[in-house]
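Residue strings, one per chain:
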Amino acid sequence: MGFSLSVSQADAVLRALKKDYRVYAPKRFPKQGRYSDTDIVRYDEIEAFADIVWDTKSDYPAKEVITPIQQPIFYFTEDEYRASKAKTKPILLLARPCDINAQRIQARIYAGNGGYDDLYYTRIRELVKFAVMDCNGGDDTCFCVSMGTNHTDDYALALKFSADGLLVEVADESLAPYFQDMPQADYIHTFVEENELKVTVPDLSDKEVRKALKTHPMWQEYNSRCISCGACTVACSTCTCFTTRDIIYGDNPEVGERRRVTASCQIAGFDQMAGQREFRSTPADRMRYKVLHKFHDYKARFGEEHMCVGCGRCTHRCPELISISATVNKMSAAVEEIKASMDSQ
């Protein structure tokens, strides 16, 4: 079932939806970017069609709606503690296919991994329906087609935007009443089939090749380039690492809250153990760990697909202009070099 809506009609549908849903989409925040005169585009609750940034990739991923950068776990006093409460109103989340596929990956980690369901993830994820936004192939950092994340069937609505309004495909019949009396149209959502950027992920099934790759000199350049700021992992659609932090209220150290806070494997000290031991003490070590985790370890653990969805946000947010796609292509070249060396021996 398809519809063609003007801007005013889209606003009318949005007002109706907001009675029953919290609606989130990419939204522009002026003068809140990396520099004082730049904007940032991130996910937030919207009030009108004009709030939606549909022609530019958001700087931060849709995952922030489901797993916020900071969220309370529980509150405590000297006598008791109380688990935090979550909102129960359903969520309609406007996202592109890569971000929707990223949630499938996050679910494998948060929901059921090791026989444990993460309450703080599942209680929000269960409320979410996706509205897939059309994509024209992204910018010059996107490579979703290479990662196989350019398609999804996990959506209740499909949306194609223009300055004059939008085309809508209603896939979930429970949402059809919101479009009652709106102009119908023959619209079936299509997905991007090619990116400007293409990435070749190497075959790392051979243990000896992996072992040689870990000591390959290609990683050493990141000791001089990477500043270990963690911006790439905060902007990543699939990263799940977090730490906990206690916030004390006033002067009483026994009254406060414990928060879950996004963390990053790229920051020095992330893996520090008792005795100040670190397994990955240099930027090169941490970069190697992140890249191999995204492009080998996750797939080896869960099967089916790699952890990276090719959204390119890590490249876009890196202050040192480190490109994940260039890094993976360098890794592919290093693997071919290693295999050739092994064959010649």
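Above this text you will find the structure in question.
Residues numbered from 1 in each chain as written. Predicted model: local features only at pLDDT ≥ 70, side-chain atom pairs only at ≥ 80, totals over all residues. Heavy atoms only, no water.

Peer 1: Sorry if this is basic, but what is going on with the packing of helix H6 (residues 207–214) against helix H11 (residues 324–344) here?
Peer 2: Relative to each other, H6 and H11 sit at 120°, their axes nearing to 10 Å. Compared by their axis directions, H6 and H11 come out oblique. Pair H6 / H11 crosses with right-handed handedness. For the pair formed by H6 and H11, the contact residues are Glu208, Val209, Ala212 and Leu213 on the first element and Met331, Ala334, Val335, Ile338, Lys339 and Met342 on the second. Residues belonging to the contact of H6 with H11 are distributed by class as follows: 8 nonpolar, no polar and 2 charged. (Axes fitted to C-alpha atoms, helices over the stretch in contact; angles between N-to-C directions. Helix = DSSP H or I, 4+ residues; strand = E, 2+ residues; numbered from the N terminus. Parallel < 35°, antiparallel > 145°, perpendicular 65-115°, else oblique. Left-handed = near helix turned anticlockwise from the far one by under 90°. Contact = heavy atoms within 4.5 Å. Nonpolar A, V, L, I, M, F, W, Y, C, P; charged D, E, K, R; others polar.)

Peer 1: I keep staring at the pattern of salt bridges and nothing clicks. Help me out?
Peer 2: When charged atoms on two side chains of opposite charge get close, those side chains can pair. Going through the model one piece at a time under the given rule, you end up with 21 salt bridges. One salt bridge in this structure joins Arg313 and Asp99, with 2.8 Å as the shortest N-O distance. In this pair, Arg313 sits in helix H10 (residues 313–317) while Asp99 sits in helix H3 (residues 97–110), placing the two residues 214 residues apart along the sequence. On the basis of relative accessible area, Arg313 is assigned to the buried category, the value being 3%. Here Lys330 ties to Glu221 by a salt bridge, and the two come within 2.9 Å at their closest N and O atoms. Taken together, the residues span a long stretch of sequence, with Lys330 in helix H11 and Glu221 in the loop between H6 and helix H7 (222–225) at a distance of 109 residues. One network of salt bridges, with partners in common, ties together Arg104, Arg108, Glu304 and Glu305. (Salt bridge = Lys/Arg side-chain N within 4 Å of Asp/Glu carboxyl O. Buried < 20%, exposed > 50% of the residue type's maximum accessible area, 1.4 Å probe, protein only.)

Peer 1: Sorry if this is basic, but what is going on with the packing of aromatic side chains here?
Peer 2: The geometry of two aromatic rings is summed up by the distance between their centres and the angle between their planes. In this structure the tally under the stated criterion is 9 aromatic pairs. When the centroid spacing of 6.1 Å and the interplanar angle of 10° are considered together, the rings of Trp54 and Phe161 count as stacked. You can see Trp54 sitting in the loop between strand S3 (40–45) and helix H2 (63–66) and its partner Phe161 sitting in strand S8 (residues 157–162), a full 107 residues away along the chain. Counting every residue linked through ring pairs, the aromatic cluster contains Phe49, Trp54 and Phe161. Between Arg260 and the ring centre of Phe242, over which it is positioned, the NZ or CZ distance is 4.3 Å. Over the aromatic face of Tyr289 sits the side chain of Arg280, whose NZ or CZ is 3.7 Å from the ring centroid. (Phe/Tyr/Trp six-rings, centres within 6.5 Å; stacked < 30°, edge-to-face > 60°. Lys NZ or Arg CZ within 6 Å of the ring centre and 35° of its normal.)

Peer 1: What am I meant to see in the sheet that holds strand S11 (residues 256–262) here?
Peer 2: Backbone-to-backbone hydrogen bonds pair the strands of a sheet. The strands run either parallel or antiparallel. Pairing within the open sheet is antiparallel, and its 4 strands lie in the order S5-S4-S11-S10. Taken across any chain shown, the strands that pair with only one partner, and hence form the sheet edges, are strand S5 (81–83) and strand S10 (242–248). The average angle at which neighbouring strand axes cross in this sheet is 30°, direction not considered. In this structure, strand S4 (residues 70–76) lies alongside S11, joined through 6 bridges in antiparallel fashion. Along S11, the bridge assignment pairs Phe74 with Arg258. (Pairing = 2+ DSSP bridges.)

Peer 1: Quick question: what am I supposed to make of a negative patch on the surface here?
Peer 2: Taken together, the side chains of Glu78, Asp79, Glu80 and Glu254 make up a negatively charged region of the molecular surface. Take Glu78: its relative accessible area is 47%, and that puts it in the partly exposed class. (Patch = residues over 30% accessible without salt bridge, like charges linked within 9 Å, V, L, I, M, F, W, Y side chains within 5 Å. Areas by Shrake-Rupley, 256 points an atom, 1.4 Å probe, with all protein chains shown as cover. Lys, Arg positive; Asp, Glu negative; His and termini not counted. Charge placed at Lys NZ, Arg CZ, Asp CG, Glu CD.)

Peer 1: Help me out: how do you make sense of the sheet that holds strand S1 (residues 2–6) in this one?
Peer 2: A sheet is described by the order of its strands in space; here 7 strands give the open sequence S1-S9-S8-S7-S6-S2-S3, paired in mixed fashion. With one partner strand each, in any of the chains shown, S1 and S3 form the two edges of the open sheet. Taking the axes of each pair of neighbouring strands and ignoring which way they run, one obtains an average angle of 25° across the sheet. Pairing analysis gives 3 bridges linking strand S7 (residues 128–133) to S8, with the strands arranged parallel. What sits directly across from Ala131, in S8, is Leu157. Helix-sheet contacts for helix H1 (residues 7–18) involve S1, strand S2 (22–29), S3, strand S6 (91–95) and strand S9 (165–170), and the interaxial angle to S1 is about 110°. The strands that H3 touches are S3, S6 and S7; relative to S7, the one it contacts most, it runs at about 150°.

Peer 1: Got a minute to help me understand the side chain of Arg313 in this structure?
Peer 2: Here Ser237 takes part through its side chain, which lies 3.0 Å from a polar atom of the side chain of Arg313. Beyond its immediate chain neighbours, meaning those up to four positions away, Arg313 contacts Lys57, Ser58, Asp59, Tyr60, Pro61, Asp99, Ala235 and Ser237. (Polar contact = N/O pair within 3.5 Å; in protein donor to acceptor, adjacent residues only side chain to side chain.)

Peer 1: How do you make sense of H3 when you look at a structure like this?
Peer 2: Along an α-helix, residues three or four positions apart point the same way, because every turn accommodates 3.6 residues. Helix length check: H3 (14 residues) gives 20 Å between terminal C-alpha atoms against 20 Å at 1.5 Å per residue, within 8%. Turning to H3, its buried residues number three or more, namely Pro97, Cys98, Asp99, Ile100, Asn101, Ala102, Gln103, Ile105, Gln106, Arg108, Ile109 and Tyr110. Looking one or two residues beyond H3, the residue adopting positive phi is Gly112, at roughly 100°. (Expected span 1.5 Å × (residues − 1).)

Peer 1: Where do I start with the packing of helix H9 (residues 283–302) against H11 in this structure?
Peer 2: Two numbers describe how H9 lies on H11: the axes approach to 11 Å, and their chain directions differ by 75°. Between H9 and H11, the angle falls in the class roughly perpendicular. For the pair formed by H9 and H11, the contact residues are Val291, Leu292 and Phe295 on the first element and Ile324, Thr327, Val328 and Met331 on the second. Looking at the contact of H9 with H11 residue by residue, the class counts come to 6 nonpolar, 1 polar and no charged.

Peer 1: Would you mind going over H9 with me for this structure?
Peer 2: Over its 20 residues, H9 extends 27 Å from the first C-alpha to the last, a length consistent with the 28 Å expected when each residue adds 1.5 Å. The sharpest bend along H9 measures roughly 55° and falls at His293. (Bend = angle between axes of the 7 residues up to and from the residue.)

That is the geometry; function is a separate question.
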